[in-house]
Protein chains: 2
Amino acid sequence: MLKLEDMAKKIEEFKNEKEIFLEHIQKAGLRRTAQRDLILEIFLRTEEHLTSEDLYWLVQKEDPSVGHTTVYRTLKLLTEAGLAREVRFGDNKTYYEHHYNHEHHDHIICTECGKVVEFFSPEIESMQDAVAHKFGFIPTHHSLRLWGVCEDCQHKANESHPTMASGAQPRVRVKTIAGN
Amino acid sequence: MLKLEDMAKKIEEFKNEKEIFLEHIQKAGLRRTAQRDLILEIFLRTEEHLTSEDLYWLVQKEDPSVGHTTVYRTLKLLTEAGLAREVRFGDNKTYYEHHYNHEHHDHIICTECGKVVEFFSPEIESMQDAVAHKFGFIPTHHSLRLWGVCEDCQHKANESHPTMASGAQPRVRVKTIAGN
DNA sequence: CCGATTATTGAAACGGTTTTCATTAAAAGA
DNA sequence: TCTTTTAATGAAAACCGTTTCAATAATCGG
Ligand SMILES: [Mn+2]
Ligand SMILES: [Mn+2]
Ligand SMILES: [Zn+2]
Ligand SMILES: [Zn+2]
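Residues numbered from 1 in each chain as written. Chains lettered and ligands numbered in written order. Predicted model: local features only at pLDDT ≥ 70, side-chain atom pairs only at ≥ 80, totals over all residues. Heavy atoms only, no water.

Engineer: Could you clarify how one ought to interpret the overall build of chain A in this entry?
Structural biologist: In terms of helices and strands, chain A carries six helices and seven strands. Reading chain A from its N terminus to its C terminus gives the helix and strand order α-α-β-α-α-β-β-β-β-α-β-α-β. Buried positions account for 39% of the 180 residues belonging to chain A. Taking the contacts inside chain A whose residues are at least 6 apart along the sequence as the reference set, 55% of them involve residues at least 24 apart. (Helix = DSSP H or I, 4+ residues; strand = E, 2+ residues; numbered from the N terminus. Buried < 20%, exposed > 50% of the residue type's maximum accessible area, 1.4 Å probe, protein only. Contact = heavy atoms within 4.5 Å.)

Structure representation (structure tokens):
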């Protein structure tokens, strides 16, 4: 696929997400504002897992008058609208990721280096629903996180002794093939 | 089983947990203190999901000189020792529950009333391990939480219209039969 | 038992998230 | 357009969880 076509496709997607946002705004009796438009725009450009603070600084570059609180609230709003999803990896920060047009997935996190791998297991998903129903619940959502030592870190442990253990390593987002 | 026998069994269990704690303390080159003994004692008496703050107030009644921080740190220590486990239910609080002599379990949380049901699914557990290995990880631990609407709240929704939605309802711990 | 060493303690500071509140501005109607 | 209504905004405070740091106390060697 050509790069131009990629970009065109992205623009199409963004339009859809913006429409969904406006629809949600209307249904909930909320108001469209310049801040919300800008925050959504910048959120859509960024495919990474990012925190409210991360997004705040990106927004800041384009409009320094926007406050932390508005970014925070808009991310909540996007989550309600189904465009974003909150995820936590155990470092006491809340990250947001795209939800619309992105397959649902769960995460495996390396306890040594913080690497995050995304996966999807239809089998686990359906068993979760079965368990919920078994206890009389109508399931709405779930959170599944696995922790372990990644392949790289297993090798590192064998080589050198001064293991870096758990410092403030950056979290890496690794694209993976879905399925189990 | 007689009540006396129950109590005797509990006391036995406590003794085991105290021994495990002391062993962990020794192995890690830590020190036994009056505060840690008291905090463990009171933690063991309480079967509920409780926060560091909750436990702090219980401790406070017996020794007002103990600080928040020590309770917080001792709970972390108990978690390391395998006696406690951290759990979160989405209300931005960290709860602790007994781990030793308590089967591992995950939680279903009602989005309407906050009720928490404990369950265990060996099938899901083994699939989690399979997924981890598939991506080259050696699994260490996991967190699985399901959310949904409980049976009671499904009925409530049908009866009266002014649904209480999500206020600050107390979390109820419901004992359940393990298995899937 | 005493002194040296070093883990532990509690207060206070810190960091990220969430709420509060006075002000601003979007939306709807006259 | 002008007015009225009421949601949205941003600063600051509140809230939990975690870290820092100086003072304290458990452990060990002599
Ligand atoms: Mn993800
Ligand atoms: Mn539990
Ligand atoms: Zn790793
Ligand atoms: Zn319920």
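Engineer: It is not clear to me how the side chain of Thr 46 of chain A should be interpreted in this structure. Could you clarify?
Structural biologist: Residue and element names in this part refer to chain A. Looking at the secondary structure, you find Thr 46 in the loop between α2 (34–45) and β1 (50–51). Here Ile 42 takes part through its backbone oxygen, which lies 3.0 Å from a polar atom of the side chain of Thr 46. Once residues lying within four places of it in the same chain are set aside, the contact partners of Thr 46 are Leu 58 and His 98. (Polar contact = N/O pair within 3.5 Å; in protein donor to acceptor, adjacent residues only side chain to side chain.)

Engineer: Is there a simple way to explain the packing of aromatic side chains in this structure?
Structural biologist: Here a ring pair, both rings aromatic, is described through the centre-centre distance and the interplanar angle of the planes. In this structure the tally under the stated criterion is five aromatic pairs over all chains. Ring centres of Tyr 56 of chain B and Trp 57 of chain B lie 5.0 Å apart, and the angle between their planes is 65°; on these two criteria the pair is classed as edge-to-face. (Phe/Tyr/Trp six-rings, centres within 6.5 Å; stacked < 30°, edge-to-face > 60°.)

Engineer: Where do I start with the coordination of the zinc ion (ligand 3) in this structure?
Structural biologist: Around a metal, the perfect tetrahedron of four donors has angles of 109.5 degrees, and the perfect octahedron of six donors has angles of 90 or 180 degrees. All names here are of chain A. Around the zinc ion (ligand 3), the protein contributes the donor atoms Cys 110 (SG), Cys 113 (SG), Cys 150 (SG) and Cys 153 (SG), at 2.2 to 2.4 Å from the metal centre. Considering all four donor atoms around the zinc ion (ligand 3), angles at the metal cover 103 to 119° and the coordination shape is tetrahedral. The sequence pattern describing where the donors of the zinc ion (ligand 3) fall on their chain is C-x2-C-x36-C-x2-C. Taken together, the residues span a long stretch of sequence, with Cys 113 in the loop between β4 (106–110) and β5 (116–119) and Cys 153 in helix α6 (residues 151–159) at a distance of 40 residues. (Donors = N, O, S within 2.8 Å, 3.2 Å for Na, K, Ca; no water. Tetrahedral: all angles 85-135°; square planar, octahedral: opposite > 155°, others 65-115°.)

Engineer: Where do I start with the pairing of strand β2 (residues 84–88) of chain B in this structure?
Structural biologist: Regular strands have side chains that alternate between both faces of the sheet. All names here are of chain B. Note that β2 and strand β3 (residues 94–98) share five bridges and pair antiparallel. Bridge assignment links Val 87 to a residue of β3, and that residue is Tyr 95. The hairpin turn running from β2 into β3, its antiparallel successor, is five residues long, and Gly 90 in that turn takes a positive phi close to 95°. (Pairing = 2+ DSSP bridges.)

Engineer: Would you mind showing me how to read the coordination of the zinc ion (ligand 4) here?
Structural biologist: Residues and elements named next belong to chain B. Of the protein atoms, only Cys 110 (SG), Cys 113 (SG), Cys 150 (SG) and Cys 153 (SG) coordinate the zinc ion (ligand 4), at distances of 2.2 to 2.3 Å. Classification of the site at the zinc ion (ligand 4) rests on its four donor atoms, whose angles at the metal span 104 to 118°, yielding the label tetrahedral. All donors of the zinc ion (ligand 4) belong to a single chain; written as a sequence motif, their spacing is C-x2-C-x36-C-x2-C. With Cys 113 in the loop between β4 (106–110) and β5 (116–119) and Cys 150 in the loop between β6 (138–149) and α6 (151–159), the pair connects residues that are 37 residues apart, well separated along the chain. Both residues of the pair, Cys 113 and Cys 150, belong to the buried class.

Engineer: Is there a simple way to think about the protein's contact with DNA strand D in this case?
Structural biologist: The environment of DNA strand D is formed by 22 residues, the closest being Thr 33, Arg 36, Thr 70 and Arg 73 of chain A together with Thr 94 of chain B. A distance of 3.2 Å separates a sugar or linking oxygen of DNA strand D from a polar side-chain atom of Gln 35 of chain A. A distance of 2.2 Å is found between a phosphate oxygen of DNA strand D and a side-chain nitrogen or oxygen belonging to Thr 70 of chain A. Those elements that place two or more of their residues in the surface near DNA strand D are α2 and α4 (68–80) of chain A together with α4 (68–80) of chain B. Looking at the surface near DNA strand D element by element, the count peaks at four residues for α4 of chain B. Within the surface near DNA strand D, the residues separate by chemical class into three nonpolar, eleven polar and eight charged. (Near = heavy atom within 4 Å. Nonpolar A, V, L, I, M, F, W, Y, C, P; charged D, E, K, R; others polar.)

Engineer: How should the protein's contact with DNA strand C be read in this particular structure?
Structural biologist: Close to DNA strand C lie 22 residues, the nearest being Tyr 72 of chain A together with Thr 33, Arg 36, Thr 70 and Arg 73 of chain B. For DNA strand C, the fraction of atoms within 4 Å of the protein that belong to sugar or phosphate moieties is 69%. A distance of 3.0 Å separates a base nitrogen of DNA strand C from a polar atom in the side chain of Arg 31 of chain A. Between DNA strand C and Tyr 72 of chain A there is a distance of 2.7 Å, counted from a sugar or linking oxygen to a side-chain nitrogen or oxygen. If you list the elements that add at least two residues to the surface near DNA strand C, you get α4 of chain A together with α2 (34–45) and α4 of chain B.

Engineer: Help me understand the nonpolar core in this model?
Structural biologist: Within the largest apolar cluster, 30 residues are counted, with the highest numbers of intra-cluster contacts made by Phe 137 of chain A together with Ile 108 and Phe 137 of chain B. Sorting the residues of this core by element identifies β4, β5, α5 (122–134) and β6 (138–149) of chain A together with β4, β5, α5 (122–134) and β6 of chain B as the ones contributing at least two each. The residues touching Phe 137 of chain A, leaving out its near neighbours within four places in the chain, are Ala 132 of chain A together with Ile 108, Ile 109, Cys 110, Val 117, Gly 148, Val 149, Cys 150 and Gln 154 of chain B. (Core = buried A, V, L, I, M, F, W, Y, C linked by side-chain atoms within 4.5 Å.)

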